Every structure is written in C-alpha cells, then in structure tokens.
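Structural overview for review
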Amino acid sequence: ADLSSVLGPGGCNGGYLTFSFTRRHVSGPQMEGVVWSMATLHQFVAYHVKASKALMHTRMRRRVESMTALLTAGGGSVAS
C-alpha cells in the first residue's frame with residue numbers, strides 16, 4: 001500500500017488519535033474519569049515512550065558490551 005499521502009515531511013507520520021464518546025461515556029459518574037483520562041493522555045503516552053526508549057537503549061548497550069567482551073576474549077584481530 002502506498003502511504004506517501006499519509007506520511008508527513010521526511011517520511012514521518014505525526015500520528016493522530018481519534019476518540020468517540022457516546023452518551024454513556026459522559027453521563028453520570030463516568031464523566032470525571034473520561035475527562036481525567038483525556039487530560040492526562042499526553043503525559044501517559046510520553047512516559048511510556050520514554051520508558052520504552054530507555055529499555056531499548058539499555059538492551060543495546062548490554063549487547064554491545066557482550067560483543068566487545070567476546071572480541072576481547074578471542075584475542076584475534078578482525079580482518080577488514
């Protein structure tokens with residue numbers, strides 16, 4: 001599928017979320033919960049993006065360290 005019309009400048013998708021609310025979402029005691037969820041959505045998503053990024057970086061560092069240790073333990077030289 002061609003996504004060129006969906007992607008933004010530089011091939012980056014800015015991302016959009018769409019929410020649909022019905023009467024039962026905004027009537028009675030549910031209203032406060034819905035408002036709170038929408039008000040804190042940005043912080044929720046930002047926290048999880050940062051946590052995922054930190055986890056990936058930790059895994060990459062650990063993998064590089066283990067590969068470096070293998071090369072050092074091998075004592076051989078890498079031909080280029």
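Per chain, residue numbering runs from 1 following the sequence as it is written. For this predicted model, a pLDDT threshold of at least 70 governs which residues receive local features, and a threshold of 80 or more governs which side-chain atom pairs are given and counted, while totals over whole chains, interfaces and linings are taken from all residues. Hydrogens and water molecules were not included; the side-chain quantities draw on all heavy atoms of the structure.

Thoughts on the overall build of the protein
The helix and strand labels rest on DSSP assignments: H or I over at least four residues marks a helix, E over at least two residues marks a strand, and numbering proceeds from the N terminus. The secondary structure content of the protein amounts to 2 helices and 0 strands. Going through the 80 residues of the protein one by one, you find that 1% of them count as buried. A total accessible area of about 7,600 Å² is found for the protein, and carbon and sulfur atoms account for 63% of it. Note on exposure labels: buried denotes an accessible area under 20% of the residue type's maximum, exposed denotes more than 50%, and partly exposed covers the range between, all computed with a 1.4 Å probe on protein chains only. Every accessible area reported is derived by Shrake-Rupley at a probe size of 1.4 Å, with residue values counting cover from the shown protein chains alone.

Remarks on the packing of aromatic side chains
Any pair of Phe, Tyr and Trp rings, taking the six-membered ring for Trp, is counted once the centres come within 6.5 Å. Such a pair is stacked with planes under 30 degrees apart, edge-to-face with planes over 60 apart, and tilted for the rest. Counted according to the given criterion, the structure contains 1 aromatic pair. Measuring from centroid to centroid gives 6.4 Å for phenylalanine 19 and phenylalanine 21, while their planes differ by 20 degrees, and the two rings are stacked. Among the residues examined, phenylalanine 19 registers a relative accessible area of 39% and is labelled partly exposed.

Some details on a nonpolar patch on the surface
On the surface, Leu17, Phe19, Phe21, Val26, Met31, Val35 and Met38 cluster together into a nonpolar patch covering about 630 Å² of accessible area. Summarising the element assignment, phenylalanine 21 is placed in the segment before α1 (30-39). Put simply, a patch holds well-exposed residues, over 30% relative accessible area, that have no salt bridge, with like charges counted together within 9 Å and Val, Leu, Ile, Met, Phe, Trp or Tyr side chains within 5 Å. Salt bridges are counted wherever a side-chain nitrogen of Lys or Arg sits within 4 Å of a carboxyl oxygen of Asp or Glu.

Here we look at helix α2 (residues 41-74)
Here the expected length of a helix is defined as 1.5 Å per residue gap, with one fewer gap than residues. Between its terminal C-alpha atoms α2 stretches 50 Å, which fits the 50 Å expected from 34 residues at 1.5 Å a residue. The positive-phi residue at the C-terminal boundary of α2 is glycine 75, with phi of around 70 degrees.

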